[in-house]
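Overview (structure and organization)
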Amino acid sequence: MANDAEAENGRQAWQDAYDRTPLRDVDFETMSGIPVDPIYGDGPYPGQYPFTRGIRPSMYRSRLWTMRMFAGFGTAEDTNGRFKEILRNGGTGLSTAFDMPTLMGRDSDHEWALGEVGRAGVAIDTLVDMRDLFADIDLGSVSTSMTINGPAHIIMAMYIALAEENSVDRASLSGTIQNDILKEYQAQKEYIFPPRPSMRLITDLIQFTAAEMPRWHPVSVSGYHIREAGSNAAQELAFTLANGFAYVEAAMAAGMDVDDFAPRLSFFFNSHSDFFEEIGKFRAARRIWATWMKERYGAKDERSMLCRFHTQTAGVSLTAQQPEINVARVALQALAGVLGGSQSLHTDSFDEAMALPTEDAARIALRTQQIIAHETGVANVADPLGGSAYVEWMTDEIERRAEEIFSHLDELGGGSILEGVYAGIDNGYFVGAIADSGYRFERAVNAGRRIVVGVNEFTDGDHPGDRNLLRINPQVEANQLKRLNAVKQSRDDSIVRSSLDQLVIDAADPTINTIPATIKAVQALATEGEIVAALETVFGTYVETAVM
Amino acid sequence: MTDTPIRIVLAKIGFDGHDRGLRMVARILRDAGCEVIYLGLRQTTENVVAVVEQEDADAVGLSMHNAQHLTLAPKMVESLRSAGLDVPVILGGVVPDQDIAALMESGVAVILGPGTSAEDVVRSVREAVTSRS
């Protein structure tokens, strides 16, 4: 029978691919000594199109997920200390959180920055701050993730300039910059310029990294914030992948071949509390991305079809009541992320409903991942839940719901997802859909139809008095202002001015890539805020219509 | 107390874009019969004070997330006072317990932390407004 022969071929192809893959030097057996196979069930197998079961034939047998812990607070030196602590503790990647003024493209001395400098992340005004942030860390050997969007091109330019100063070849830089502006208009609200010029900057960075930084991921298409803002799982998935399609369409419209950039796109999802729904979502993400990239966008390189993603546990699920029980929530959400085949994972700290994590809380969160990786045995078998009738149904159902949303956006955009996403931003579709889902959830909690342990049930045992929270030294703001001022005194203002003038000229011409001029400007020690202000003269500033 | 609906201005001041909580409270208060003047993101203290005056509002609700509450909430209380507006400031969001005393001392009327029920939101706003009039 043809089908049997096909199945046999698929199995053989998987086996051949698996046999070519180097494995970790551990025993793949249970705690009781029972040897286990690398996969069970039917094809398509892990590493085979459409990759529902995982992007690699051996999954975590070859390489565990990257335990990438997000950190950033205070001045660049403070965060540098936390980075070194993470590396010493066995963390395998750095992930940078920036403070609000930096995320909004404004300097620490902006009037709105009062009270925000160094609070929710590290303050970066100039290349000088970047030097301190990565002091004594070899940029050529570490993989760095930078969570920034509106001014992503500026921070990227600083990182490239720093590498050059340290004689590290930019081609060897490895990491990810979030650089996903579309979800800012939809959910996180850290936008600067209007959508279309923002897309130009993103396309510029995609083109620049494709040409010069082959190990860099220029966009991390992020559903995390969409979910945190209130969406449900299917909306998180559909809006994220639709944004991904929009970036693909924009880069193709700029003249790039899909296979020249798509292999470097990556994704970032939330892992929330409904265990099987999350696993279904991760599996559906891989299948949808692969199918669309191949069928709709004509990708030929299999790497263009792989939905590689980072996962973070759901910050919004953490409770300020009995915060220590968040350790259990995080462990279960992290386990769903691993069973769903994540490439990297951040586990939230139990105290994050109240403040940035203390060092102890961040260590417990990292240890949670290490327990999953080394004690539970779940890393021995790829897609261990594949073939479960429930998990397969859930995968199909989430995919079906996502496809309904794609159809809506495709229609809004007259056959273009990119135009559909612009239209959905303009007409409030995304913001409204996310707010409706969030409100539905809150109503259910309020009515007691959904239990949140410690909040509306099982409320005994909370000890609000004994909490040990991270306090940001109020001196941070004053110190940062002093640093910024010193940089401004030390630099040659005429070089700053001419570099900004050149950037404005380049920005006004859509055929010129803005990244080289941005690198020149940061090397002249232009501040992030000055670069943004220069670009605003060409691009304008986005203002959201307030809708509750 | 009268039957006139409470008019409340809701806003976030400064850069922070975490507006899920503010939207949620806006809908809860609207559904409870309040007149919500929803300003949304990126407001200034001055702008909020001006709106309170123009709209003859009974209360101001500010949502905070990134630890800027110790700076911005007292500033709002002070600015309303200087403008001669006796209007309670209600603070929502992520506020660590150890900051509560200082904020209440600075004149903040109510602090609504994570996990506050819809009933408590509505009751707190009503009480804050009633105690002023």
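The rules behind these values
Residues numbered from 1 in each chain as written. Chains lettered and ligands numbered in written order. Predicted model: local features only at pLDDT ≥ 70, side-chain atom pairs only at ≥ 80, totals over all residues. Heavy atoms only, no water. Helix = DSSP H or I, 4+ residues; strand = E, 2+ residues; numbered from the N terminus. Rg over C-alpha atoms; globule rule 2.2 N^0.38 Å. Buried < 20%, exposed > 50% of the residue type's maximum accessible area, 1.4 Å probe, protein only. Contact = heavy atoms within 4.5 Å. Lys, Arg positive; Asp, Glu negative; His and termini not counted. Charge placed at Lys NZ, Arg CZ, Asp CG, Glu CD. pLDDT = per-residue confidence, 0-100. Buried area = accessible area lost by both parts, 1.4 Å probe. Salt bridge = Lys/Arg side-chain N within 4 Å of Asp/Glu carboxyl O. Polar contact = N/O pair within 3.5 Å; in protein donor to acceptor, adjacent residues only side chain to side chain. Nonpolar A, V, L, I, M, F, W, Y, C, P; charged D, E, K, R; others polar. Patch = residues over 30% accessible without salt bridge, like charges linked within 9 Å, V, L, I, M, F, W, Y side chains within 5 Å. Areas by Shrake-Rupley, 256 points an atom, 1.4 Å probe, with all protein chains shown as cover. Expected span 1.5 Å × (residues − 1). Pairing = 2+ DSSP bridges. Axes fitted to C-alpha atoms, helices over the stretch in contact; angles between N-to-C directions. Domains from an automatic or database assignment.

When you go through chain A residue by residue, the secondary structure sums to 20 helices and nine strands. Radius of gyration (C-alpha) of chain A: 23 Å, near the 24 Å computed for a compact globule of 548 residues. Considering only C-alpha atoms, chain A reaches an extent of 75 × 60 × 50 Å along its principal axes. Classification of the 548 residues of chain A by burial places 60% in the buried group. A separation of at least 24 residues holds for 78% of the contacts in chain A among residues at least 6 apart in sequence.

Take the overall build of chain B next. Helices and strands together make up the secondary structure of chain B, namely five helices and five strands. The order of helices and strands in chain B, counted from the N terminus, is β-α-β-α-β-α-β-α-β-α. Relative to its length of 133 residues, chain B is compact, with a C-alpha radius of gyration of 13 Å against a globular reference of 14 Å. By residue count, 55% of the 133 residues in chain B fall in the buried class. A separation of at least 24 residues holds for 71% of the contacts in chain B among residues at least 6 apart in sequence. Where the 12 positive side-chain charges of chain B centre and where its 18 negative ones centre are 6 Å apart.

Residue-level pLDDT values for chain B average 91, and 95% of them are 70 or greater. Mean pLDDT across the elements of chain B bottoms out in helix 4 (residues 97-105) of chain B (90) and peaks in helix 2 (residues 45-55) of chain B (96).

Taken residue by residue, the interface counts 46 residues in chain A and 35 residues in chain B. Here chain A packs against chain B, burying approximately 3,300 Å² in sum over the two surfaces, 55% of which is carbon and sulfur. The largest contributions to the chain A side of the interface with chain B come from Trp112, Tyr439 and Met548 of chain A, which together make up 25% of the buried area. Connecting chain A to chain B are five salt bridges. Note that Glu442 of chain A is salt-bridged to Arg20 of chain B, the shortest N-O span being 3.9 Å. Connecting chain A to chain B are eight residue pairs in polar contact (both at pLDDT 80 or more). Among the secondary structure elements, those contributing two or more residues to the side of chain A that touches chain B are helix 3 (100-103), helix 6 (182-188), helix 8 (224-228) and helix 16 (429-446) of chain A. Considered class by class, the residues forming the side of chain A that touches chain B number 25 nonpolar, eight polar and 13 charged.

Moving on: a nonpolar patch on the surface. All names here are of chain A. Together, Ile451, Val453 and Phe458 give the surface a local cluster of nonpolar side chains, amounting to about 280 Å² of exposed area. Looking at where Val453 falls in the secondary structure, it is placed in the loop between helix 16 and helix 17 (475-490). On the basis of relative accessibility, which here comes to 36%, the residue Val453 falls in the partly exposed class.

Turning next to helix 11 (residues 275-295) of chain A. Every α-helix winds through 3.6 residues per turn, so residues three or four apart in the chain are directed the same way. Taking 1.5 Å of rise per residue, the 21 residues of helix 11 of chain A would be expected to cover 30 Å, and the 31 Å separating its terminal C-alpha atoms lies within 8% of that figure. Of all 21 residues in helix 11 of chain A, 15 are buried, a share of seventy percent or more.

Another aspect to go through is the sheet that holds strand 1 (residues 7-13) of chain B. Residue and element names in this part refer to chain B. Reading across from one edge, 2-1-3-4-5 is the order of the five strands in this open sheet, with parallel pairing throughout. Looking along the sheet, the strands with just one partner apiece sit at the ends: strand 2 (35-43) and strand 5 (110-112). If you compare each strand with its neighbour and ignore which way they point, the axes differ by 20° on average. Bridge count between strand 1 and strand 3 (residues 59-64): four bridges; the pairing is parallel. For Val9, the partnering residue across the bridge sits in strand 3 and is Val60. In the packing of helix 5 (residues 118-132) onto the sheet, contacts are made with strand 1, strand 3, strand 4 (89-93) and strand 5, and the angle to strand 5 comes to roughly 170°.

Residue and element names in this part refer to chain B. With respect to the helices, strands and loops of the structure, Met104 is situated in helix 4. For the pair formed by Met104 and Thr71, sequence separation is 33 residues and the distance between their alpha carbons is 13 Å. With residues near it in sequence (within four places) discarded, Met104 still touches Ala109 and Ile111.

Looking now at the domain arrangement of chain A. All names here are of chain A. When the domains of chain A are assigned, the result is domain 1 (59-459) and domain 2 (482-539). Computed over C-alpha atoms, the centres of domain 1 and domain 2 are 28 Å apart. Between domain 1 and domain 2, the residue contacts involve 37 residues of the former and 28 residues of the latter. Taking both sides of the interface into account, the surface hidden between domain 1 and domain 2 amounts to around 2,600 Å²; carbon and sulfur atoms contribute 62%. Considering only the surface of domain 1 that becomes buried against domain 2, Ile154, Phe193 and Arg200 emerge as the three largest contributors, covering 22% of it.

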